[in-house]
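Tertiary structure, described
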Amino acid sequence: GENVEQHPSTLSVQEGDSAVIKCTYSDSASNYFPWYKQELGKGPQLIIDIRSNVGEKKDQRIAVTLNKTAKHFSLHITETQPEDSAVYFCAAIRGGTGRRALTFGSGTRLQVQP
Amino acid sequence: EAGVTQSPTHLIKTRGQQATLRCSPISGHTSVYWYQQALGLGLQFLLWYDEGEERNRGNFPPRFSGRQFPNYSSELNVNALELEDSALYLCASSQGQDDSPLHFGNGTRLTVT
């Protein structure tokens, strides 16, 4: 099955700096890669996703890049703010097989220092 | 549009008892997923239901079971509770297509004493 590795496990940045979280996946047939943000006491919230036919996607301060050859994808947050502090999860899924279940990375705890 | 709702928010049980957790998906969503999130750990896939059928199951013992009702709501049952079952149980729903995003509820915190 799919295996997703996520790094780093914790990340501390100063407000205004950029943050980068990286994930690698094992199943070359995976074709959908969402990113989730989980704040304390809440469920994960989808913040951005990318499909395998796209190399990069941006949404305001958040961007995701995908390298299918190397089987890795990254989340980039620019101009970080204290409210960006949360746990971020990457995920990968292999669609079209009838065995649809997201495999999540182990999470990155991002702390933005004011 | 109402999001995914889960009940109860907190549940305290004794070892050996049974727990039932409930989930209502977003209107129009036919797929429901259950994940376990133990303290400080990631999300482990438990079960996936679509159109009333169990479609996939994670690496959990048979005492974890569930069902999906005709209105697409779902319940997760955990029998013979063990201390290590203490975790946040998250339900998510989607429209069922392969690349439809999953939308999560805020979970049920199960504590086994």
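It should be noted that the structure appears before, not after, this text.
Residues numbered from 1 in each chain as written. Chains lettered and ligands numbered in written order. Predicted model: local features only at pLDDT ≥ 70, side-chain atom pairs only at ≥ 80, totals over all residues. Heavy atoms only, no water.

Let's shift gears to unusual backbone geometry. Cis rather than trans, the peptide bond between His-7 of chain A and Pro-8 of chain A has omega equal to -5°. Within the secondary structure, Pro-8 of chain A sits in the loop between strand E1 (4-7) and strand E2 (10-14). In this model, Ser-7 of chain B is joined to Pro-8 of chain B through a cis peptide bond whose omega is -10°. Positive phi outside glycine occurs at Tyr-72 of chain B, with the angle close to 75°. Looking at where Tyr-72 of chain B falls in the secondary structure, it is placed in the loop between strand E7 (64-68) and strand E8 (74-78). We classify Tyr-72 of chain B as partly exposed; its relative accessible area is 27%. (Helix = DSSP H or I, 4+ residues; strand = E, 2+ residues; numbered from the N terminus. Buried < 20%, exposed > 50% of the residue type's maximum accessible area, 1.4 Å probe, protein only.)

A word on the sheet that holds strand E3 (residues 19-25) of chain A. Residue and element names in this part refer to chain A. Reading across from one edge, E1-E3-E8-E7-E6 is the order of the five strands in this open sheet, with antiparallel pairing throughout. The sheet terminates laterally at E1 and strand E6 (56-59), the two strands that pair on one side only. Pairs of neighbouring strands in the sheet enclose a mean axial angle of 15°, with direction left out of account. Of the pairings in the sheet, the one linking E3 to strand E8 (residues 72-77) comprises six bridges and is antiparallel in character. Within E8, the position partnered with Thr-24 by the bridge is His-72. (Pairing = 2+ DSSP bridges. Axes fitted to C-alpha atoms, helices over the stretch in contact; angles between N-to-C directions.)

Counting residues in hydrophobic clusters, the biggest one holds 24 residues, and the most contacted among them are Trp-35, Phe-73, Leu-75, Tyr-88 and Leu-110 of chain A. Elements that contribute at least two residues to this core include exactly E2, E3, strand E4 (32-38), strand E5 (45-51), strand E7 (62-67), E8, strand E9 (86-92) and strand E11 (108-113) of chain A. Apart from the residues within four sequence positions on either side, Leu-75 of chain A is in contact with Ala-19, Val-20, Ile-21, Trp-35, Ile-47, Ile-48, Ile-62, Ala-63 and Tyr-88 of chain A. Ranked by size, the runner-up nonpolar core spans 21 residues in total, among them Val-32, Phe-60, Leu-81 and Cys-91 of chain B. (Core = buried A, V, L, I, M, F, W, Y, C linked by side-chain atoms within 4.5 Å. Contact = heavy atoms within 4.5 Å.)

This part covers the pairing of E6 of chain A. Residue and element names in this part refer to chain A. The pairing of E6 with E7 spans four bridges and is classified as antiparallel. If you follow Lys-57 over to E7, its bridge partner there is Val-64. Hairpin connection between E6 and E7: a loop of two residues separates the two successive antiparallel strands, and Gln-60 in this loop has a positive phi of roughly 55°.

All names here are of chain A. As for its placement among the helices and strands, Leu-66 is situated in strand E7. For Leu-66, a relative accessible area of 11% translates into the label buried. For the pair Leu-66 and Arg-51, spaced 15 residues apart in sequence, the C-alpha separation works out to 8.5 Å. What Leu-66 contacts, discounting residues up to four positions off in sequence, is Tyr-25, Phe-33, Ile-50, Arg-51, Ser-52, Val-54, Gly-55, His-72 and Phe-73.

With 21 residues of chain B at the interface, the matching set in chain A holds 22 residues. With both sides pooled, the region where chain B packs onto chain A buries about 1700 Å², and carbon together with sulfur makes up 52% of that total. Viewed at the interface, chain A and chain B are joined by zero salt bridges. Summed over the shared surface of chain B and chain A, the number is four residue pairs in polar contact (both at pLDDT 80 or more). Broken down by secondary-structure element, the contributors of at least two residues to the side of chain B that touches chain A are strand E4 (31-37), strand E5 (43-50), strand E6 (53-57) and strand E9 (87-94) of chain B. Looking at the side of chain B that touches chain A residue by residue, the class counts come to ten nonpolar, eight polar and three charged. (Buried area = accessible area lost by both parts, 1.4 Å probe. Salt bridge = Lys/Arg side-chain N within 4 Å of Asp/Glu carboxyl O. Polar contact = N/O pair within 3.5 Å; in protein donor to acceptor, adjacent residues only side chain to side chain. Nonpolar A, V, L, I, M, F, W, Y, C, P; charged D, E, K, R; others polar.)

Residues and elements named next belong to chain B. Evaluation of the coordinates by the stated rule reveals 13 aromatic pairs over all chains. Centre to centre, the rings of Tyr-33 and Trp-48 are 5.8 Å apart; their planes meet at 5°, and the pair counts as stacked. Pair noted here: Tyr-33 is in strand E4 and Trp-48 is in strand E5, with a separation of 15 residues, a long-range link. There is no split in this pair, since Tyr-33 and Trp-48 are both buried. Ring centres 5.8 Å apart and planes at 55° place the aromatic pair Tyr-35 and Phe-104 in the tilted group. Placement of the pair is Tyr-35 in strand E4 and Phe-104 in strand E10 (residues 103-104), with a sequence separation of 69 residues. Note on accessibility: Tyr-35 and Phe-104 belong to one class, buried. (Phe/Tyr/Trp six-rings, centres within 6.5 Å; stacked < 30°, edge-to-face > 60°.)

From the geometry alone we can't say anything about function, so treat these as descriptive.
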